[in-house]
Structure formats: C-alpha cells, structure tokens
Amino acid sequence: MQKTLKAPVHFNGVGLHSGAAANLVVRPAKAHHGIVFRRTDIHVGAASIAAQWDNVDRTPLCTLLVNANGVSVSTVEHLMAALAGCGIHNALIDIDGPEVPILDGSSAPFVRAFLECGLRVQDAPIRAIEILRPVQVQNGEAVARLVPSPVMEIAFEIEFSDKAIGTQTKRLTMENGTFVRELCDCRTFCRQADVDAMHAQGLALGGVPGENAVVFDGDTVTSPGGLRRVDEPVRHKMLDALGDLALAGGPVLGLYTGTRAGHNLTNTLLREVFSDPSNYRMIDCSATQSERLPGAGVHLAEIPEVA
C-alpha cells in the first residue's frame, strides 16, 4: 500500500549552489497525489511542480525541476532519495526559495526526520514501473543502463584521478531498509579544483567542507573528520541515482547500472525508457512485491550512527 507522512516535517538551511536560505515543509498528501513541490514565495502564476522526469531541466551539477511557467526548484535529489528510500509515495513539499537546503550533504537528516515523524499507510496499491527490456544511454565514457529485474537494484562505478577516490564500484539491492542502512548517510563530494572553479563562477556558495560536502585534493581528504565510509563517493552516487530514478513517478523494478553517470544522464535514461511503451509497463504491486520495495519495513534504528 502507498504511504505518506503522519504529520508535516520542517527543515531549513542554505542551498549548496546558490547559498540562498530556504524553509522547507514536507506535508502529508492523499493517495495517488505523488510528490509535488510548491514554491510558497511565488504569488503570481502556477507555483507547483510535479516531481516527474519530464519536468527536469538537465544540468550537470544537480537535479533541477521546472514547470511550464519557468518556476523551478533545484537540488531535489537528496530529498527525493530520502522519500523513495523511506517508501513515501505521496507528499506536498512547500519551499520558500529556489533550492532545497543541502543540510549535511546526504539524505540522512531527511530520513531521520521522516522516520521520527512516522508514516501512514494509505488504502491504495503502489504503482511501479517494470522494466521490460534493456535500455541504455551513453555520453562519451559515461553510461547509464536499465535492465529487467524483479526488484530495484543499483550498481555504480566511478573513476577519478584523485588517489583518495580512485576507482570504486558497488552494487546493492534496494530492498526494505537497504538505502537507510547503506547509503543515506553518504555525502556529496567534489575535488578542491572544482570547488575553486565553482566559487569563481559564483556557485557552491552554501558549501562548507566537512559540514555538507566531502572535498578531495589529490590523495588527501581535506574535509575535517574525513570519510564516513571508505567508499563514500560511490555510495553517494548511488544515493543520487535513487533520487533521480524516483522522478519516474514510482518505484522502478529493474537494475540500474551507472558508469561515470550523473544527474543529466540518468534523466536522459528515463526519457529513453518512456519514449517507447515496449520498454516498460505500469503495474500495481502485489503484497509480495511491495514487501521488497525500498522503504518497506524500515525503522529508525537502521540509520547509521555516524549520520
């Protein structure tokens, strides 16, 4: 059955890229509502934006949603991952600024707040997207692929010249509380050279190394406190992928494989999937299928202590 929150949950903070402060409230919503953002600071014209793949304005740094009026909300991926990872299917998200607060750079603060609030089961079946045949997109060396699988799986490979990152690979089945246990605490990361370049362009103004991003410089982790996990970068890429896949409009039953992939390519993959009805079908999940979806049976104690 679909789920929503038992009560509104409040967050506030600055955006990683804009540095703009925002207040954000995730509110319960009725069954079949889906995930919808609403800009409360916009008073003229349509201010709501459905969290859907076809509302994404593809950018390399984050996931940006834009409606037909040009109203936008950026950096939604960590929040979307938390919603998907907790098994929340319906929510109205009020935000009074252009960017979701970065918080600690992971999904853990969202997850903790959602699970502390509690979830309410709704009398409606979960609608999922079942992948029927392999679909792949590529941009140079970056590849994103979805193939049929009875459950949601994510596999990722990254390769960086910085020795502190290097080559990392990981594959996980996103059943039950896997996201909460294995991925939700993993923070966004970047190289010091990228930070310098973004600052020069007036970007990443809300980033504070050690507080909401892990910064690498060659063979050194420059952020105070170091890594939460030895392979935190690839795990964060998997977190991002779950958040971007959540924009499909429901859980994806398939194996997602990303090789050097990012937000842009994952959205391109979803567009390719939905461009041909023979690639997928919408199904009402059976009780057995629902028990294997992300967030089924998850509880607060599964959040890593480090987060």
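Since this is a predicted model, take the numbers as computed values, not measurements. (Residues numbered from 1 in each chain as written. Predicted model: local features only at pLDDT ≥ 70, side-chain atom pairs only at ≥ 80, totals over all residues. Heavy atoms only, no water.)

## Notes on the side chain of arginine 229
By secondary structure assignment, the location of arginine 229 is in the loop between strand S18 (220-221) and helix H5 (232-245). Judged by its relative accessible area of 18%, arginine 229 is buried. Here the side chain of arginine 229 touches arginine 181 through a polar contact of 2.7 Å, landing on its backbone oxygen. Excluding its chain neighbours within four sequence positions, the residues that come into contact with arginine 229 are Arg181, Glu182, Asp185, Cys186, Arg235 and Pro304. (Helix = DSSP H or I, 4+ residues; strand = E, 2+ residues; numbered from the N terminus. Buried < 20%, exposed > 50% of the residue type's maximum accessible area, 1.4 Å probe, protein only. Polar contact = N/O pair within 3.5 Å; in protein donor to acceptor, adjacent residues only side chain to side chain. Contact = heavy atoms within 4.5 Å.)

## A look at the sheet that holds strand S9 (residues 91-95)
Consider a sheet: its strands pair through backbone hydrogen bonds, and that pairing is either parallel or antiparallel. Sheet architecture is open: five strands sit in the order S2-S3-S9-S4-S5, paired in mixed fashion. The sheet is open, and its two edges are formed by strand S2 (9-14) and strand S5 (48-50), each paired on a single side. Along the sheet, successive strands turn relative to each other by an average axial angle of 20°, direction set aside. Sheet contacts for helix H2 (residues 108-117): S2 and strand S3 (21-28); angle to S2, the most-contacted strand, approximately 165°. (Pairing = 2+ DSSP bridges. Axes fitted to C-alpha atoms, helices over the stretch in contact; angles between N-to-C directions.)

## What to know about the environment of leucine 83
Note on placement: leucine 83 falls in helix H1 (residues 77-85). Its relative accessible area of 1% is what places leucine 83 among the buried residues. For the pair formed by leucine 83 and alanine 248, sequence separation is 165 residues and the distance between their alpha carbons is 13 Å. Dropping the residues within four chain positions of it, leucine 83 is found in contact with Val26, Ile35, Ile88, Ile93 and Phe114.

## What to know about the packing of H1 against H5
Relative orientation of the contacting elements H1 and H5 amounts to 80°, with a least axis distance of 7 Å. Here H5 runs roughly perpendicular to H1, going by the angle between their axes. Residues Glu77, His78, Met80, Ala81, Ala84 and Gly85 of H1 form the contact with H5, whose own contacting residues are His236, Leu239, Asp240, Leu242, Gly243 and Asp244. Residues belonging to the contact of H1 with H5 are distributed by class as follows: five nonpolar, four polar and three charged. (Parallel < 35°, antiparallel > 145°, perpendicular 65-115°, else oblique. Nonpolar A, V, L, I, M, F, W, Y, C, P; charged D, E, K, R; others polar.)

## Some words on H5
Compared with the 20 Å implied by 1.5 Å per residue over 14 residues, the 20 Å span of H5 between its first and last C-alpha is a close match. Counting buried residues in H5 gives 13 out of 14 residues, a clear majority hidden from the surface. (Expected span 1.5 Å × (residues − 1).)

Any functional reading would require information beyond the geometric quantities listed.
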